[in-house]
Amino acid sequence: MSGSTILVVGAGYAGSVVARELADAGREVLVIDKRPHIAGNAYDAYDEHGVLVHRYGPHIFHTNGERIVEFLSRFTEWRPYEHRVRGVVDGELYPFPINRDTLNRLYGLELDEAGAADFFERVREPRDPVLTSEDVVLNSVGRDLYEKFFLHYTRKQWGLDPSELKAGVAARIPVRTNTDDRYFTDTFQAMPRHGYTKMFEAMLDHPNISTEVGVDFADVRNRGFAHVVYTGPIDAYFDYRYGRLPYRSLRFEHEHLPGVARYQETGTVNYPNDHAYTRITEFKHLTGQQHSGTSIVREFPQAEGDPYYPVPRAENEALFKRYEDLGRNERDVTFVGRLAQYRYYNMDQVVGAALAAAKRLIG
Ligand SMILES: Cc1cc2nc3c(=O)[nH]c(=O)nc-3n(C[C@H](O)[C@H](O)[C@H](O)COP(=O)(O)OP(=O)(O)OC[C@H]3O[C@@H](n4cnc5c(N)ncnc54)[C@H](O)[C@@H]3O)c2cc1C
């Protein structure tokens, strides 16, 4: 390693994409991650029963960005997969996001598309302005559906009432008058054919890239690098100078069910009103793997633990802005990624942000 080496902190999407772009442009790159593996939160591995699972919860790839697909396709083949979710209400499974079938089954109706639109129009509670997640949902589907599918789920997931969360959180979830029961409608929906970790291995496999896992930024910070690309939490970089940015964490409870070929009818089932966990995901739906048993994961939201979700509230964004300002003064450091930019980014958005950051650096 020489003083011309660029240090990339974090081997998730943000770090690995920047590292690859810099390496392709002829730069020498050292990638470190404090975890014992690459791929960040998208890390997948075979469990002890031989089922491919996502250690940090289900990751489904979907995007409308051709450039993103083109970039990642250099490192993986794809397996088409459209994610479907059911929500359990009073012991019954309903399509989620809410669509016409959800209404017809829940209320014993036979609405057509126009009828479903009329239904929403009748039950919605118009809100103006629409500022919070509560506003978004009441404004589109009214109180009963809000209470059945959103209110308690949100309280569990975020530890906050929907009225305390910005509109953007609920606005991510559509409401449909047709019977489309896919969770996402993006033009490209697929999983890396051999898993995420394999894709990351291929991305980092370059003569100009060295990768070291189990290494914390603090261990190498003073070694003298030409530049640092930092993809960890921005408040940690600045030793929490202005206090901690709130992140929501999760505890994952993985379970293998021997001899059970199929546990549930869709990849994910949400439990908005029952249990301490929010949802159960069965990985074989996502991966298409054949196995006599199956592996599932339950997600228990919690305040403490690894930072997973930036909490979208105005005061948190204001605090982030203060850190962002500090970041601007660090001339030899680029902050990119979900934790460094404190944004509720999907994988494809992080790839996009990382490609843009790499371009600026190379330029
Ligand atoms: C439960 C869950 C489900 C999700 N599902 C989806 C989905 O279905 N579809 C989708 O598109 N997106 C999903 N996401 C979002 C997706 O995980 C992120 O967009 C993506 O992983 C972010 O990549 P990143 O590189 O910014 O961050 P990360 O993947 O978090 O990588 C950052 C890395 O930096 C390392 N690091 C941090 N600090 C240090 C340090 N001091 N020293 C060394 N290393 C450090 C961390 O260990 C980590 O590996 C989900 C996220 C979660 C939590």
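Structural notes, computed from the coordinates. All values reported here derive from a predicted model rather than from experimental measurement.

## Comments concerning the pairing of strand E8 (residues 92-96)
Here is the key point about a regular strand: its side chains alternate between the two faces of the sheet. Both strand E7 (residues 85-89) and E8 contribute to a ladder of five bridges, which runs antiparallel. Counted as the bridge partner of Arg86 is Pro95 from E8. Following E7, the chain reverses through two residues before pairing antiparallel with E8; Asp90 in that reversal takes a positive phi of roughly 50°.

## Comments concerning the sheet that holds strand E16 (residues 309-310)
Within the open sheet, the seven strands sit side by side as E8-E7-E13-E14-E15-E12-E16. Their pairing is mixed. A single partner strand is all that each edge strand has here, and the edge strands are E8 and E16. Inspection of the sheet shows E7 paired to strand E13 (residues 268-270) by three bridges, in the parallel sense. Its bridge partner lying in E13, Val85 is registered against Thr268. The strands touched by helix H5 (residues 133-158) within the sheet are E7, E8, strand E12 (247-257), E13, strand E14 (279-282), strand E15 (294-302) and E16, with E12 carrying the most contacts at an inclination of about 105°.

## A word on the sheet that holds strand E10 (residues 209-213)
Taken together, the five strands give an open sheet; going across it, the order is E10-E2-E1-E11-E17, and neighbouring strands pair in parallel fashion. The sheet is open, and its two edges are formed by E10 and strand E17 (333-335), each paired on a single side. Adjacent strand axes in the sheet meet at a mean angle of 15°, parallel and antiparallel pairs treated alike. Where strand E11 (residues 227-230) meets E17, three bridges bridge the pair, whose relative direction is parallel. Bridging across to E17, Tyr230 finds its partner in Phe335.

## Remarks on the site of the ligand
Looking at the ligand, there are 31 residues lining it, with Asp33, His59, Ile60, Arg338 and Met347 nearest. A distance of 2.7 Å separates an oxygen atom of the ligand from a polar side-chain atom of His59. Between the ligand and the protein, one listed contact pairs an oxygen atom with a backbone N or O atom of Tyr345 at 2.9 Å. Isolated, the ligand exposes 1,000 Å² of accessible area, and the fraction of that covered by the protein chains is 95%. The set of elements that each furnish at least two residues to the shell around the ligand consists of helix H1 (13-24) and helix H12 (347-362). Residue classes in the shell around the ligand are distributed as 16 nonpolar, nine polar and six charged.

## Considering the nonpolar core
Of all hydrophobic cores here, the largest spans 83 residues; its most connected members are Leu7, Tyr13, Leu72 and Met199. Looking at which element gives the most residues to this core, the answer is H12, with eight residues. In contact with Leu7, other than residues within four places in its own chain, are Leu30, Ile32, Phe217, Val220, Phe225, His227, Val228 and Val229. Within the second largest apolar cluster, 22 residues are counted, among which are Val85, Val89, Leu106 and Leu151.

Criteria and cut-off values
- Residues numbered from 1 in each chain as written.
- Predicted model: local features only at pLDDT ≥ 70, side-chain atom pairs only at ≥ 80, totals over all residues.
- Heavy atoms only, no water.
- Pairing = 2+ DSSP bridges.
- Helix = DSSP H or I, 4+ residues; strand = E, 2+ residues; numbered from the N terminus.
- Contact = heavy atoms within 4.5 Å.
- Axes fitted to C-alpha atoms, helices over the stretch in contact; angles between N-to-C directions.
- Near = heavy atom within 4 Å.
- Polar contact = N/O pair within 3.5 Å; in protein donor to acceptor, adjacent residues only side chain to side chain.
- Areas by Shrake-Rupley, 256 points an atom, 1.4 Å probe, with all protein chains shown as cover.
- Nonpolar A, V, L, I, M, F, W, Y, C, P; charged D, E, K, R; others polar.
- Core = buried A, V, L, I, M, F, W, Y, C linked by side-chain atoms within 4.5 Å.
- Buried < 20%, exposed > 50% of the residue type's maximum accessible area, 1.4 Å probe, protein only.

These figures capture arrangement, not role.
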